[in-house]
Amino acid sequence: MGSSQIIYEWTPLEGIGPFVFNEPVDKYASKFSLFPIPDEVEEDEDWETYGMPGDEDARFYFEDGLLESVIVSSNFFYNNANLIGLPPDEALEVLEMEPDDIEKIDTDEGEEDAYSFYDVNLQFYVLDGVIDTVLVGRDYEDYEYDEFDDEEELED
């Protein structure tokens, strides 16, 4: 765990702590001394990953210069509860929602359960029976998902 002084309180689809989704990197770079972490997101040149001095447990992902998502493992507050360190059943009570998907994934720490909540762009990872990391992001309503469906219809 890092020595984060920031309380990461989540507002679904809007932001986490002092960070607001869709805001430009320049808004946060100097205030929080964010620094780029090269090669963490290799597949797309439009993505940049940033870290913060003194908080090695947080990563900030920007697409086209705008805050897209944040991953934290120091603290993650919702409804006045810190989900980091909670067993998943207790976290689900705090969240008052059920996951859309639960899958096993391999990480550097070992095999983890990933709980995904699509409507609120939330994913948390469970290691050794407790949540150790949470990923949250912005609203994806403005993306057009039917792009591929239209192409298939044209082929018929």
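This is a predicted model, so every value here is computed, not measured.

Conventions adopted
Residue positions are counted from 1 within each chain, in the order its sequence is given. In keeping with the model being predicted, local features are shown solely for residues with a pLDDT of at least 70 and side-chain atom pairs are shown and tallied solely at 80 or more, while totals for entire chains, interfaces and linings include all residues. Hydrogens are left out, water is left out, and the side-chain values use all remaining heavy atoms of the structure. Here a salt bridge means any side-chain nitrogen of Lys or Arg lying within 4 Å of a carboxyl oxygen belonging to Asp or Glu. Using a 1.4 Å probe on the protein chains alone, a residue whose accessible area is under 20% of its type maximum counts as buried, one over 50% counts as exposed, and one in between counts as partly exposed. In this text, helices come from DSSP runs of H or I with a minimum length of four residues, and strands from runs of E with a minimum of two, each type numbered from the N-terminal end. Residue-level confidence of the predictor is summarised by pLDDT, bounded by 0 at the bottom and 100 at the top. Contacts are assigned to residue pairs with any non-hydrogen atoms lying within 4.5 Å of each other. Think of it this way: DSSP has to see at least two bridges between two strands before they count as a pair. Angular values range over 0 to 180 degrees, each being the angle between N-to-C directions of two axes fitted as lines to C-alpha atoms, with helices fitted over their stretch in contact. The arc refers to the directions leading from the helix axis to the C-beta atoms. Two aromatic rings from Phe, Tyr or Trp, using only the six-membered ring of Trp, form a pair when their centres are within 6.5 Å; if the ring planes differ by under 30 degrees the pair is stacked, by over 60 it is edge-to-face, and anything between is tilted.

Caption draft 1: View of the pattern of salt bridges. On inspection of all chains with the given rule, the structure shows three salt bridges. Between K27 and E23 there is a salt bridge, and its shortest N-O distance comes to 3.5 Å. Overall, the relative accessible area of 44% leaves K27 in the partly exposed class. The partner of E68 in a salt bridge is R138, and the shortest N-O contact between them spans 2.9 Å. Residue E68 is found in strand 7 (residues 66-72), and its partner R138 is found in the loop between strand 13 (130-137) and helix 3 (147-155); the two are separated by 70 residues along the sequence. For E68, a relative accessible area of 3% corresponds to the buried category. Note on R138: relative accessible area 5%, which makes it buried.

Caption draft 2: Quick peek at the confidence of the model for the chain. Across the chain, pLDDT averages 86, with 83% of residues at or above 70. With pLDDT under 50 throughout, residues 143-156 is counted as low confidence; its partners more than four residues away or in other chains account for four contacts.

Caption draft 3: Spotlight on the sheet that holds strand 12 (residues 122-127). One open sheet holds the eight strands; their spatial order is 4-5-6-7-13-12-11-10, and the pairing between them is antiparallel. Only two strands of the sheet have a single neighbouring strand rather than two, namely strand 4 (35-36) and strand 10 (101-107). Where strand 6 (residues 55-63) lies against strand 7, six bridges are found, and the strand directions are antiparallel. Directly across from F62, in strand 7, lies its bridge partner L67. Contacting strand 11 (110-117), strand 12 and strand 13, helix 2 (residues 88-95) crosses the sheet at an angle of about 160 degrees to strand 12.

Caption draft 4: Inspection of the environment of L13 at higher detail. Mapped onto the fold, L13 is located in the loop between strand 1 (10-11) and strand 2 (15-16). Since its relative accessible area comes to 24%, L13 is described here as partly exposed. Note: C-alpha distance between L13 and D139 (126 residues apart in sequence) is 5.0 Å. Those residues in contact with L13, other than ones at most four positions away along the chain, are F21, D119, V120, N121, G137, R138 and D139.

Caption draft 5: The sheet that holds strand 1, seen in detail. Ordered by their spatial adjacency, three strands build an open sheet running 1-2-3, and the pairing between neighbours is antiparallel. Looking along the sheet, the strands with just one partner apiece sit at the ends: strand 1 and strand 3 (19-20).

Caption draft 6: Structural view of helix 2. Among the residues of helix 2, P88, A91, L92, V94 and L95 are the ones counted as buried. One side of helix 2 carries all its buried residues, which in axial view fall inside an arc of 160 degrees. Residues D89 and E93 are exposed on helix 2 and point more than 90 degrees away from its buried face. In this structure, the buried side of helix 2 is in contact with strand 1, strand 8 (77-78), strand 9 (81-82), strand 11, strand 12 and strand 13. Of the residues one or two after helix 2, E96 is the one with positive phi, at around 55 degrees.

Caption draft 7: Examining the packing of aromatic side chains more closely. The full count for this structure, using the stated rule, is nine aromatic pairs. Ring geometry for Y50 against F62: centres 5.2 Å apart, planes inclined by 80 degrees, an arrangement best described as edge-to-face. With a gap of 12 residues between them, Y50 in strand 5 (residues 47-52) and F62 in strand 6 connect regions that are remote in the sequence. Residue Y50 is classed as buried on the basis of its relative accessible area, which comes to 9%. An angle of 20 degrees between the planes, with centres 4.7 Å apart, marks the rings of Y115 and F124 as stacked. Here Y115 and F124 have matching classes, each one buried.

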